[in-house]
Amino acid sequence: MEKFLIFSFLICIISNGFCEELNQTAAPWRIHTLFSVECQDYFDWQTVGLVHSYKKAKQPGPITRLLSCTDEEKKKYKGMNLAPTFEVPSMSRHPRTKDWYPAINKPAGIVHWLKYSKDAQNVDWVVILDADQIIRGPIVPWELGAEKGKPVAAYYGYLVGCDNLLAQLHTKHPELCDKVGGLLSMHIDDLKALAPKWLSKTEEVREDRAHWSTNLTGDIYGKGWISEMYGYSFGAAEVGLRHKISDDLMIYPGYVPRAGVEPILFHYGLPFTVGNWSFSKLDHHEDAIVYDCNRLFPEPPYPREVQVLEAEPNKRRGLFLSIECINTLNEGLVIHHASRGCSKPNWSKYLSFLKCKTFANLTQPRYLTHGNPQIEKAEVQQYAFDNPGKPYPKIHTVFSTECTTYFDWQTVGFMHSFHLSGQPGDVTRLLSCTDEDLKQYAGHDLAPTHNVPSMSRHPLTGDWYPAINKPAAVLHWLNHAKIDAEYIVILDADMIMRGPITPWEFNAARGHPVSTPYDYLIGCHNELAKLHTSHPDACDKVGGVIIMHIDDLRKFALLWLHKTEEVRADKAHYSKNITGDIYESGWISEMYGYSFGAAELNLRHMINDKILIYPGYVPEPGVNYRVFHYGLQFTVGNWSFDKANWRNVDMVNTCWAKFPDPPNASTLDFTDTNIISRDQLSIECGRTLNEALRLHHIRRNCLDPARKAPQTKQEIIKEVTYSRRIGRIDERRDVVTDDTPPRDTRTRESTHPNITDPIFSSFRFWIVVLWAFSVMGFLIIVSMVLSGRKGEGPRGKGSHHRNKRRASYSAFPDTTGRHDKHPYNNASDMLL
């Protein structure tokens, strides 16, 4: 062995390039890749694709297929040679419960492999994939940032059960529950600890039929089909594994990659399209394509055709990734058919393309860049947008109002909280006004505004329903404004923001908006949904906060408006038992318009109950709610607030108008922690509204109510200092930017006089003194010169009198000590 090492060292000296290549390809630890399948044609063509891509991508270490078959299935099965295989007992039909759930074979197969395979005793790291995946480049755990105790995984945002009652029921450590899957890369010791829990938790969740509903699991079918995924997350939480989560490593074909991100794994679990071509794996569930010589999946468009399909570079790159996925799958089938002894296929343009050098170059292995890993290094679960150096998607926040003083004070509160919250991106008020209202409206400067025609009185039906302005305004804004944002956050005016609401934190994605639960929308689960949407099963009871991809919103907005009109016109189904509307007046038609419109497009929401809270509700311990929605009356002791009581009060244009102050928190009863938490939030909401109004009145240059005089400079300095402490300051204007820029320069100057720094004033005084002494010295010298010339006699008649007259009216003190008419401070003010 020593001789071999010496020989290798000499070779390295002789050929440095060879050693560099050796270092790049030789893995310092042993890796093994696993994937689980069953004895079906459906999994066979997936196996061919995955194994081909494994070889093409030069994935280090061996790969093993965990094959689950019943004895009867095995007798008929003809795909034993498709991949290196380790047979495991089938648990598709559970031996104890008799439940039919084939997905349980994945954890069951891994438990069996760990116990009986020799490979499991001779490995350091394990990469676990699904059969419906294509590898694009080496998946090397330590290069991805995996550590012992800290596996790397792809993000599965729809596992909402990690954030609600489901996790609390099924793991002792719900705070450790990570929403992950698809790609798992972990140390073998972690897998040995995890696997039994993975299996037992899968069984546990699968048997918990009482909690299969979509709002608890995120399973759009509500059938417990993703129990195995929760089994993994809950099992990992039980053994204390915290994942390094990335949304960069894996992409679903059909999705648009983020700029600068090169995924190394395709997961074609969802249908995807390129132009008029499409592919769905479910269309090939019984497809024996592996055993039909020279048959391939329908060919996708060629790269040059894709080039002209999409102008936007990143979307076009997404289309290229989609065709690369299916082309690699077909390439695997071509090679497989040849290995089976199939006759040489007839020449075709497509076959020629798959074998050409261009395709080989387009699909060469992708490697992670060392020193710039595409992985979130934090130990807490974060969306992959948080990666250092990765650009965030642009966000635009919108809220809808009307030309009334009722919405004006809400706007003041909203804008104040928006700036204090740290919400990224721009904000726009969608202002719905009639032409007459707009002429008289005085609140144009309260927020950045997009004006839209009012639909409060429907132009066709004459129905008075102001709530329809929300979808109508969003649609108008989309069609008339230049929007440079990838995600839109839609809020209501009667909200106070307490923190940022971002797609990367709350896991919004194209096709999967984020929203908050509106459980009273019972019409999603009865005949109302069946009447008004062709997909009642996709109806989500959501509202309040909406985070949606701009592409989804463009498709959805018109449906939102039309469905609102449709539900509003359906007076026969206004009753409380159908809609949940306690007034039975159709007032919540717009909310159903949203849910039914989204269902039509099959937009399934990530429903998050930790974003929004109504003041007066008891908060969940430890939750940092981002929004107050003060749409309902709330009380603290004898104090209460109901926005409806202030519908006709001009709070914005009446100097120093404010709401009754909430009580001091120190007066609360601290015996009940739930009540104290509730009341503290209610007090915070009330105080924020009043603080917003106070700062608004200051900007309007309202007179001090006590002295009836403008604020002093010292008071303004104090105000700005306080504002720096609690919010953002626009240094260009020296004012708190919790609303919109001032109307014009004159308003800004009159509202905010210049603030004089006392230190600078003192410095300026001494400059003036120094200047004065310099001038005096100069005059003394001039006087001495003139005195010397007197001895020579006058040069002309009257010259003495002219000189004396000039000295008497000079702007400077003369040598006799007399002063001019201009005091020093005035002169210094003019010059400085």
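Bear in mind that the values here come from a model prediction, so they are computed numbers and not experimental data. (Residues numbered from 1 in each chain as written. Predicted model: local features only at pLDDT ≥ 70, side-chain atom pairs only at ≥ 80, totals over all residues. Heavy atoms only, no water.)

**With respect to the overall build of the protein**
- The helix and strand inventory of the protein stands at 28 helices and 26 strands.
- Residue burial in the protein is summarised as follows: out of 832 residues, 50% are buried.
- Counting only carbon and sulfur atoms, one obtains 55% of the accessible surface of the protein, whose full area is about 41200 Å². (Helix = DSSP H or I, 4+ residues; strand = E, 2+ residues; numbered from the N terminus. Buried < 20%, exposed > 50% of the residue type's maximum accessible area, 1.4 Å probe, protein only. Areas by Shrake-Rupley, 256 points an atom, 1.4 Å probe, with all protein chains shown as cover.)

**Things to note about the sheet that holds strand S16 (residues 487–492)**
- Across the sheet, seven strands lie side by side as S15-S14-S13-S16-S19-S18-S20; this open sheet has mixed pairing. Either end of the sheet is taken by a strand with one partner, and the two such strands are strand S15 (449–453) and strand S20 (606–607).
- Relative to S20, strand S18 (residues 514–517) is paired through two bridges, and the arrangement is parallel. Bridging across to S20, Val514 finds its partner in Met606.
- Across the sheet, helix H17 (residues 469–480) is in contact with strand S13 (395–402), strand S14 (426–433), S15 and S16; its angle to S15 comes to roughly 115 degrees. (Pairing = 2+ DSSP bridges. Contact = heavy atoms within 4.5 Å. Axes fitted to C-alpha atoms, helices over the stretch in contact; angles between N-to-C directions.)

**Quick notes on the side chain of Thr202**
- Summarising the element assignment, Thr202 is placed in helix H8 (residues 188–207).
- When near neighbours in sequence (up to four residues on either side) are disregarded, Thr202 contacts Tyr101, Ile104, Pro107, Ser227, Glu228 and Gly231.

**Re unusual backbone geometry**
- Phi at Asn294 is positive, roughly 65 degrees, even though this residue is not glycine.
- Given the relative accessible area of 31%, Asn294 is considered partly exposed.

**As for the sheet that holds strand S6 (residues 152–155)**
- Here we have seven strands laid out as an open sheet, ordered S3-S2-S1-S4-S7-S6-S8, and mixed in their pairing. A strand with exactly one partner marks an edge of an open sheet, and here the two such strands are strand S3 (85–89) and strand S8 (244–246). Across the sheet, the mean angle from the axis of one strand to that of its neighbour is 25 degrees, orientation sign disregarded.
- On top of the sheet, H8 reaches strand S4 (125–129) and strand S7 (180–187); it is set at about 135 degrees to S7, its chief contact.

**What about the state of the cysteines?**
- Under the counting rule described, the total for this entry stands at six disulfides.
- The side chain of Cys524 participates in a disulfide bridge whose partner is Cys539; the two sulfur atoms lie 2.0 Å from each other. Every disulfide takes its handedness from the sign of the S-S torsion; for Cys524 and Cys539 that torsion is -45 degrees, giving left-handed. Within this pair, whereas Cys524 is found in the loop between S18 and helix H19 (527–532), its partner Cys539 is found in the loop between H19 and strand S19 (542–549), the two being separated by 15 residues in sequence. (Disulfide = S-S within 2.5 Å.)

**Quick notes on the packing of helix H15 (residues 405–421) against helix H23 (residues 673–699)**
- Two elements in contact, H15 and H23, have axes whose closest approach is 9 Å; the angle formed by their N-to-C orientations is 100 degrees. One finds that H15 runs roughly perpendicular with respect to H23. Contacts between H15 and H23 involve Trp409, Val412, Gly413 and His416 from the first element and Thr688, Leu689, Glu691, Ala692, Leu693, Leu695 and His696 from the second.
- Here the contact of H15 with H23 is composed, by residue class, of six nonpolar, four polar and one charged. (Parallel < 35°, antiparallel > 145°, perpendicular 65-115°, else oblique. Nonpolar A, V, L, I, M, F, W, Y, C, P; charged D, E, K, R; others polar.)

**Digging into the pattern of salt bridges**
- Counted according to the given criterion, the structure contains 35 salt bridges.
- In this structure, the salt-bridge partner of Asp189 is Lys148, at a minimum N-O distance of 2.8 Å. Taken together, the residues Asp189 in helix H8 and Lys148 in the loop between helix H6 (141–144) and S6 connect sequence positions 41 residues apart.
- Residue classification places Asp189 among the partly exposed positions, given a relative accessible area of 33%. (Salt bridge = Lys/Arg side-chain N within 4 Å of Asp/Glu carboxyl O.)

**Here we look at the packing of aromatic side chains**
- Scanning the entire structure with this criterion turns up 36 aromatic pairs.
- For the pair Tyr302 and Tyr350, a centre-to-centre distance of 6.4 Å together with 70 degrees between the ring planes defines the contact as edge-to-face. With a gap of 48 residues between them, Tyr302 in the loop between strand S12 (277–279) and helix H11 (303–307) and Tyr350 in helix H13 (residues 349–355) connect regions that are remote in the sequence.
- For Tyr350, a relative accessible area of 4% corresponds to the buried category.
- With a centroid separation of 5.0 Å and 85 degrees between ring planes, the pair formed by Phe641 and Phe659 is classed as edge-to-face. Residue Phe641 is found in strand S24 (residues 639–641), and its partner Phe659 is found in the loop between S24 and H23; the two are separated by 18 residues along the sequence.
- In this structure Phe641 comes out as buried when scored by relative accessible area, which is 4%. (Phe/Tyr/Trp six-rings, centres within 6.5 Å; stacked < 30°, edge-to-face > 60°.)

**Brief notes about the pairing of S13**
- Where burial is concerned, most of S13 is hidden: eight out of the eight residues are buried.
- Here S13 shows no split at all, with Ile395, Thr397, Phe399 and Thr401 on one side and His396, Val398, Ser400 and Glu402 on the other all buried.
- Of the strand pairs in this sheet, S13 and S16 are connected by six bridges, and their pairing is parallel. If you follow His396 over to S16, its bridge partner there is Ile488.
- Relative to S14, S13 is paired through seven bridges, and the arrangement is parallel. By the bridge assignment, Glu402 is partnered in S14 with Ser432.
- The parallel pair S13 and S14 is bridged by H15, and the resulting crossover is right-handed. (Right-handed = clockwise from strand over helix to strand, strands pointing away.)

**Brief notes about H23**
- For H23, built from 27 residues, the straight-helix expectation of 39 Å at 1.5 Å per residue is met to within 8% by its first-to-last C-alpha distance of 39 Å.
- Capping the start of H23, Asp672 holds a side-chain oxygen 2.9 Å from the backbone nitrogen of Asn674, two or three residues further along.
- Downstream of H23 by a residue or two, Asn701 has a phi angle that is positive, lying close to 65 degrees. (Expected span 1.5 Å × (residues − 1). Polar contact = N/O pair within 3.5 Å; in protein donor to acceptor, adjacent residues only side chain to side chain.)

**Looking at the packing of helix H3 (residues 41–56) against helix H12 (residues 313–339)**
- Interaxial distance between H3 and H12 falls to 8 Å at its minimum, and their mutual angle equals 95 degrees. Classified by the angle their axes make, H3 and H12 are roughly perpendicular. In contact with Trp45, Val48, Gly49, His52, Ser53 and Lys56 of H3, H12 contributes Thr328, Leu329, Glu331, Gly332, Leu333, Ile335 and His336.
- Partitioning the contact of H3 with H12 into residue classes produces five nonpolar, six polar and two charged.

**Focus on helix H10 (residues 227–238)**
- The terminal C-alpha atoms of H10 lie 16 Å apart, and with twelve residues this matches the ideal 16 Å at 1.5 Å per residue to within 8%.
- When H10 is considered as a whole, its buried residues turn out to be Ser227, Glu228, Tyr230, Gly231, Tyr232, Ser233, Phe234, Gly235, Ala236, Ala237 and Glu238.
- Looking at the buried positions of H10, the neighbouring elements they touch are helix H5 (105–116), helix H7 (165–170), S7, H8 and helix H9 (214–217).
- Looking one or two residues beyond H10, the residue adopting positive phi is Gly240, at roughly 80 degrees.

**Thoughts on the confidence of the model for the protein**
- Confidence in the prediction for the protein averages 82 pLDDT; 79% of positions are at 70 or higher.
- Segment residues 369–390: pLDDT under 50, and 58 contacts once partners within four positions in sequence are set aside and those in other chains are kept.
- Per-residue pLDDT stays below 50 along residues 707–763; that stretch engages in 71 contacts with residues further than four places along the chain or on separate chains. (pLDDT = per-residue confidence, 0-100.)

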